[in-house]
Amino acid sequence: MSGRIYAAITGMGHYTPARVMTNEDMAQLVDTSDEWISSRTGIRQRRIAAPGEKTSDMGIAAARMAMANAGVTGEDIDAIYFATCSGDMLFPATACFVQQAIGARRAYGFDLSSACAGFLMALEVATGAIESGRIRTALVIGAEKLSAITDWTDRSTCVLFGDGAGAAILRASDRPGVLSTLLGVDGSHADILSLPASGTLHPASERTLREHLQYVHMSGGETFKIAVNTMVNAAREAVARAGLTFDDIQCMIPHQANMRIVEAVAKRLGPGLMERVYLNLDRYGNTSAASIPLAFSEAVSLGKVKSGDKVLMVAFGGGLSWGGAVVEWL
Ligand code: ACO
């Protein structure tokens, strides 16, 4: 026994709103079609939060499922890391609403804003805090209400996004569960994917409303090209840091943005990898920080991830930011 403290995921949970919005529904709003959306992206439908349903509500529902699966109560949780780019408010942090709802009396918490790479950023922070011995149990959430920051008149973006949440409980362990993490940002491409009027640069005004600056803006083609290269490099590095090869990976869970991006990434990583990819973007679209934990939790619930499996996660998003991680499902 080395005495070293490791971090391991001991339970996952997810939540999606009840309302299903299909590509046909989308075609009632903007000039698009099921054929265009599904052939370009692989998305067939997405979930949309009810008007009064908050990002925190979705995160709390996912957290409760993860806690039940891990056999922990609110009292056990030392820290709550909430990844989102569509939190209830700029402050208080959405993590505070979770803390109150689940009775995590001893926990501190904060939000991380790193768009689609947010969950992997939060996983890294939680892992570091556990491995250092500062905390023993962390709740990591990725949740988004992207429908509230989507420009429903812009067909080039509104067809892509959806709402949902995923959560993981991480605990101190004498066996390694989180085998590697890797993060990166490159601010030189900050302008290709952004929510311009979400902070103090462009306070709400007639102009921000007129120019739709309070919604997600994206250069789709540029994003696509950089996403593929970045995710390939992040996946390779995460697997190498874990001391593994792609043959050791039983399941790959990529950020669920676009089927064509995922296929291009898997093809470049090696033969046969696509068969090991878990995908649910056809049903949920791109849910940003929620996408990886939502897919991971679903894969576990469906028995697609089994004890001893090594799972590779890789994400890419606004910033630009990216992340990769390999975990063993103990
Ligand atoms: N329905 C019909 N036509 C459309 C639609 C739509 N929903 N959206 C765009 N078009 C049109 C365009 O207007 C354009 O028409 P034009 O040629 O007459 O000007 C034509 O389709 C082609 O547009 P492109 O943007 O070149 O289409 P492309 O094939 O590149 O596909 C897409 C667009 C799907 C957005 C693609 O670029 C993509 O997936 N990019 C990556 C986006 C992504 O994954 N972002 C998320 C990563 S980060 C994060 O998750 C926050």
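Remember, predicted model here, so these are calculated numbers, not experimental data.

Quick word on the site of the ligand
Line of reasoning, step 1. Near the ligand lie 22 residues; those nearest to it are T32, C116, R155, N258 and N286.
Line of reasoning, step 2. One of the side-chain N or O atoms of N286 is found 2.5 Å from an oxygen atom in the ligand.
Line of reasoning, step 3. Residue assignment for the shell around the ligand shows that the elements contributing at least two residues are α2 (34-41), α6 (155-158), α8 (220-241) and β12 (310-317).
Line of reasoning, step 4. Top element by residues in the shell around the ligand is α8. It accounts for four residues.
Line of reasoning, step 5. Per-class residue counts for the shell around the ligand are nine nonpolar, 10 polar and three charged.
Line of reasoning, step 6. When residues of the shell around the ligand are assigned to domains, at least three map to each of domain 1 (6-175) and domain 2 (180-328).

Description of the packing of aromatic side chains
Line of reasoning, step 1. Scanning all chains against the criterion turns up four aromatic pairs.
Line of reasoning, step 2. Measuring from ring centre to ring centre gives 6.0 Å for Y81 and Y108, while their planes differ by 75°; the resulting arrangement is edge-to-face. With Y81 in strand β4 (residues 79-83) and Y108 in strand β5 (residues 108-112), the pair connects residues that are 27 residues apart, well separated along the chain.
Line of reasoning, step 3. Residue class for Y81 comes out buried when judged on its relative accessible area of 1%.
Line of reasoning, step 4. Given the relative accessible area of 38%, Y108 is considered partly exposed.
Line of reasoning, step 5. When the centroid spacing of 5.7 Å and the interplanar angle of 50° are considered together, the rings of F296 and W329 count as tilted. Note that F296 is positioned in helix α11 (residues 291-301) and W329 in the segment after β13 (321-328), a separation of 33 residues in sequence.
Line of reasoning, step 6. Ring pairs connect the aromatic residues Y81, Y108 and F110, which therefore count as one cluster.

Conventions adopted
Residues numbered from 1 in each chain as written. Predicted model: local features only at pLDDT ≥ 70, side-chain atom pairs only at ≥ 80, totals over all residues. Heavy atoms only, no water. Near = heavy atom within 4 Å. Polar contact = N/O pair within 3.5 Å; in protein donor to acceptor, adjacent residues only side chain to side chain. Helix = DSSP H or I, 4+ residues; strand = E, 2+ residues; numbered from the N terminus. Nonpolar A, V, L, I, M, F, W, Y, C, P; charged D, E, K, R; others polar. Domains from an automatic or database assignment. Phe/Tyr/Trp six-rings, centres within 6.5 Å; stacked < 30°, edge-to-face > 60°. Buried < 20%, exposed > 50% of the residue type's maximum accessible area, 1.4 Å probe, protein only.

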